[in-house]
Amino acid sequence: MINELKKLMKIQGVSSREDKVAAYIEEAVKPYVDEIKRDPLGNLICLKKGTSKKAKKIMLCAHMDEIGFMVNCIQDNGIVRVSRVGGINYIAYSNSRVVFENGAVGVLVPEGKTELKDYNGDKFYVDLGVKTKAEAERRVKLGEMCSVESGIVKLYGTKYAGRPFDDRIGCYVMIEIAKKLGKCKNDVYFVFSVQEEVGCRGSHAASYNVLPDIGIAFDVTPSGDVVNPSTNFSVKLGDGAAIKIKDSSVMCDRALVAAMFEAAKANNIKHQTEVLTYGGTDTSSMQTVAGGSRAGCISIPTRFCHTQNEIVDMKDVEACIDLGVLCCSFDL
Amino acid sequence: MKGTALLEKLCTAFGPTSCEYEVAKIIAEELEGKYDEEYTDFIGDRIFRIKGKTDKKMMLSAHMDEVGLMISDIDDNGYLYFQPVGGFDVKVLCGRKLFIGDFGKEKISGLIASKAIHQQSYEERKKATPIDKMFIDIGAKDKADAEASVQIGDYAVFDSDFIRFGDGYIKSKAIDDRLGCSVLCDIVNYIYENKITPEYDLYFCFTVREEVGRTGALITANRIKPDLALVLESTAIADIAGTPEHKRAAKTGDGPCVSLMDLGTVYESALVNFALGLGKKHGIKCQPKKYVAGGTDAGKIHKAAGGVRTINMACPTRYIHSASCVIKESDYYEMFKLALQIALTSPDDVPER
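This write-up is about the structure you can find in this document. Nothing here was measured: the structure is a model prediction, and the numbers come from that model.

1. Brief notes about unusual backbone geometry
The amide bond that connects A:Arg163 to the next residue, A:Pro164, takes the cis arrangement and shows omega of -5°. Relative to the assigned elements, A:Pro164 resides in the loop between strand 11 (159-163) and helix 5 (165-180). With a phi close to 50°, A:Ala290 is a non-glycine residue in the positive phi region. Locating A:Ala290 in the fold gives a position in the loop between helix 8 (283-288) and strand 17 (294-302). Even without being glycine, B:Tyr319 reaches a positive phi, approximately 55°. Following the sequence through the fold, B:Tyr319 ends up in the loop between strand 16 (309-317) and strand 17 (325-328). Judged by its relative accessible area of 41%, B:Tyr319 is partly exposed.

In structure tokens:
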């Protein structure tokens, strides 16, 4: 099980360049679904047909993309300038190894005199170890994307550190749901979306293509059990699946949230309540696109989101999978 | 009318966000009888269709609105206070001449004033005057006199001549995005004059409200549900003194920009390469837009109707959103040539995603 997750985490997919991730997931879910398609933005939409004639459309959604950078200038001395793709914390990523789409490796560093408070994209560059523009251009092209080196390591017990758990862990949860689901009365759409990190763009198009009755996102949420958290969150690592009430992009459907709590309690699935004061997920697009849907989110508690070492507990992940399977039979 | 002569006519028209009627009228007159179908929606987007050989739809779009101001108050002395409609650098406003009015109303002249320098405190002198400390002087005697010609809710746009100067440069207001509108008209004219039946079913869309909310493009894309979209824009580039190399987005004189990424869209790399490749193949100057800033109608279009594959092409423009936007005339014509190549391309030649 953990080996599959490791593989999924190793595949690069910066926003808009998710094709390799999609190819892997397509292979993984193929035996468990009836129809597979990619839409014009690249969303991977997999349908498992329901057994009931009055089947509801349930859309499960996790995003395939990760945050990264795009090459926007190659300078005469071979210095490569990059723009951020998604919410980059430059302090966390300073002096990290970055890997490009074609496999080239460089180091992301700030200009020498930059003070910590002035860290931003214009002050950073990638050192490829080259001396000239021509050498740099042999390795990377304008418009090419890169991300900070990926991969995970085991910590204590069932906890793992690495990147990009945001949101390959959500994709992993959905792949496992597909495997476990068996017969279900509802039509279940497993949507692996693109471009979430740049503003939930993929799920916007995907929701229009699916027009779900119920939409449930699977994404990471910050865990509050760190030293001096910037804001107070009640979510803790190891306390189970986090049922989202709100984030700054969405107020989740009350009936759906209630049904999630009920299902979790009735089946002894460890769960907790998430009230997030910032952030956004694909939940918001599912709720509002076209005629809208009942939308909610099952979050995987994650410490240090958007850094090289996001930490998750596999016990929480299993709780999310179990709760996700139950949600597929909802009739709201 | 054609080329930069048409551009001049369009740029000098009065058309702030949600008040694009004058621009729409010029376009409708220009295109009269040269299309198969025409549609105007409830907020004012104008769509002109030229039927193609296939049923694949291409949306070619440019927005008609320009950045402007809205009159929000008139004081007892007859001075007007205002709010920006669209994004402004406050520093470009002070001292500017304006046209004030609304659709169907006679426009009057005014100018943006603020406290004279010898009356400013030491602190005030160090900073740009904030927008709520500026006002418009229309030479009115008092409030009643001002209200005879201006109402709260009226608009103001820059009063700025269209001039040609230097080594083939043009200066005007509202280049963003009358330039896109003008190029679209040129394409329609070219197709009409040469009696061409395009491969794609072409929808020429002149959208409203890009500068605030991009509503027009969203509605239009949802209505058309295109297979491919080409957005024509003018874009800030910073090829000027004092800007380091890696913050320069593009250069005037090097042809239209094809955007890699902006704050609203990450453009599909296969389509970026397709557009730049067409330029190379036909000897048309073009360049990638490198530095990431701003956004366009593409941000709404590519997410609409279940996802639309979108190309953004923009004319490099200095001092955008000011009374004096500057472009190189040759870039206009290179942009027309490249946009025409894309408009006339066959769906079979567009790379799959």
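Having seen the model, we can carry on.
2. Description of the packing of aromatic side chains
Inspection of the entire model under this criterion finds 14 aromatic pairs over all chains. Seen in terms of ring centroids, B:Tyr332 and B:Tyr333 are 5.1 Å apart; in terms of plane orientation they differ by 75°. Their pairing is edge-to-face. Residue classification places B:Tyr332 among the buried positions, given a relative accessible area of 0%. Under the relative-accessibility criterion, B:Tyr333 is labelled partly exposed at 33%. Taken together through their ring pairs, the aromatic side chains of A:Phe69, A:Tyr90, A:Tyr93, A:Tyr119 and A:Phe124 make up a single cluster.

3. Points about the environment of B:Glu245
Note on placement: B:Glu245 falls in the loop between strand 13 (228-236) and strand 14 (257-259). Through-space distance from the C-alpha of B:Glu245 to that of B:Lys133 is 36 Å; in sequence the pair is 112 residues apart. Sequence-distant contacts of B:Glu245, that is, excluding residues within four places in its chain, are made with A:Cys73, A:Ile74, A:Gln75 and A:Asp76.

4. What about the sheet that holds strand 10 (residues 151-154) of chain A?
Two orientations exist for strands paired in a sheet by backbone hydrogen bonds: parallel and antiparallel. All names here are of chain A. Across the sheet, which stays open at both edges, the three strands sit in the order 10-11-18 with antiparallel pairing between neighbours. Lying at the two open borders of the sheet, with one neighbouring strand each, are strand 10 and strand 18 (310-313). Each strand axis lies, on average, 25° off the axis of its neighbour in the sheet, ignoring direction. Looking at chain direction, strand 11 and strand 18 are connected through four bridges and run antiparallel.

5. Some points on the packing of helix 1 (residues 3-12) of chain B against helix 5 (residues 175-193) of chain B
All names here are of chain B. At a closest axis distance of 9 Å, the pairing of helix 1 and helix 5 adopts a crossing angle of 135°. Here helix 1 is positioned oblique relative to helix 5, judged by the angle of their axes. As for the relative orientation of helix 1 and helix 5, their crossing is right-handed in sense. Facing Gly3, Leu6, Leu7, Leu10 and Cys11 of helix 1, the residues of helix 5 in contact are Ile175, Arg178, Leu179, Cys181, Ser182, Cys185 and Asp186. For the contact of helix 1 with helix 5, the residue count by class is eight nonpolar, two polar and two charged.

6. Things to note about the layout of surface pockets
In this approach a probe as big as a water molecule rolls over the atoms, and the regions it shows empty are the leftover space. Empty space within the largest pocket amounts to approximately 740 Å³. Taken together, 30 residues form the lining of the largest pocket, with A:Lys141, A:Leu142, A:Gly143, A:Glu144 and B:Ser269 sitting closest to its centre. Contributing elements (two or more residues each) for the lining of the largest pocket: helix 2 (19-29), strand 4 (68-74) and helix 4 (133-139) of chain A together with helix 7 (269-281) of chain B. A per-element tally of the lining of the largest pocket places helix 7 of chain B first, with five residues. Estimated volume of the second largest pocket: approximately 550 Å³. If you go around the second largest pocket, you meet 29 residues; those closest to its centre are A:Pro222, A:Leu276, A:Tyr278, A:Cys305 and A:His306. At the level of elements, strand 13 (214-222) and strand 14 (241-247) of chain A are the ones that each hand at least two residues to the lining of the second largest pocket. It is strand 13 of chain A that provides the largest number of residues to the lining of the second largest pocket, a total of three residues. Residue composition of the lining of the second largest pocket, grouped by class: eleven nonpolar, eleven polar and seven charged.

About the thresholds
- Once a new chain begins, its residue numbering starts again from 1 and follows that chain's sequence as written.
- All chains are assigned letters beginning with A, and all ligands numbers beginning with 1, in the order in which they are written.
- Local features in this predicted model are restricted to residues of pLDDT 70 or higher, and side-chain atom pairs are both shown and tallied only at a pLDDT of 80 or more, whereas totals for entire chains, interfaces and linings draw on every residue.
- To get the side-chain values, all heavy atoms of the structure are used, and hydrogens and water are removed first.
- Helix and strand definitions follow DSSP, with helices as H or I runs of at least four residues and strands as E runs of at least two, each counted in order from the N terminus.
- Remark: exposure states derive from per-residue accessible area (1.4 Å probe, protein chains only) relative to the maximum for the residue type, with buried under 20%, exposed over 50%, and partly exposed in between.
- Two aromatic rings from Phe, Tyr or Trp, using only the six-membered ring of Trp, form a pair when their centres are within 6.5 Å; if the ring planes differ by under 30 degrees the pair is stacked, by over 60 it is edge-to-face, and anything between is tilted.
- Contact definition: two residues touch when any of their heavy atoms are within 4.5 Å.
- Here a strand pair is declared whenever DSSP counts at least two bridges between the two strands.
- What counts as an axis is a line fitted to C-alpha atoms, over the stretch in contact for a helix, and the angles between N-to-C directions run from 0 to 180 degrees.
- Throughout, the term roughly parallel applies to angles under 35 degrees, roughly antiparallel to angles over 145, roughly perpendicular to angles from 65 to 115, and oblique to all others.
- Each helix crossing is assigned a hand: it is left-handed if the near helix lies turned anticlockwise from the far helix by less than a right angle, otherwise right-handed if that turn is clockwise.
- Only Asp, Glu, Lys and Arg are considered charged, only Ala, Val, Leu, Ile, Met, Phe, Trp, Tyr, Cys and Pro nonpolar, and every remaining residue, Gly among them, polar.
- Of the two site types, the cavity is a set of points on a 1 Å grid over the protein atoms alone where a 1.4 Å probe fits but cannot get out, and the pocket is an open set with protein on both sides within 12 Å along at least five of seven lines, each lined by residues with an atom within 4 Å of a point.
- Grid points are joined across faces, edges and corners, and a volume is the space filled by probe spheres set on the points.

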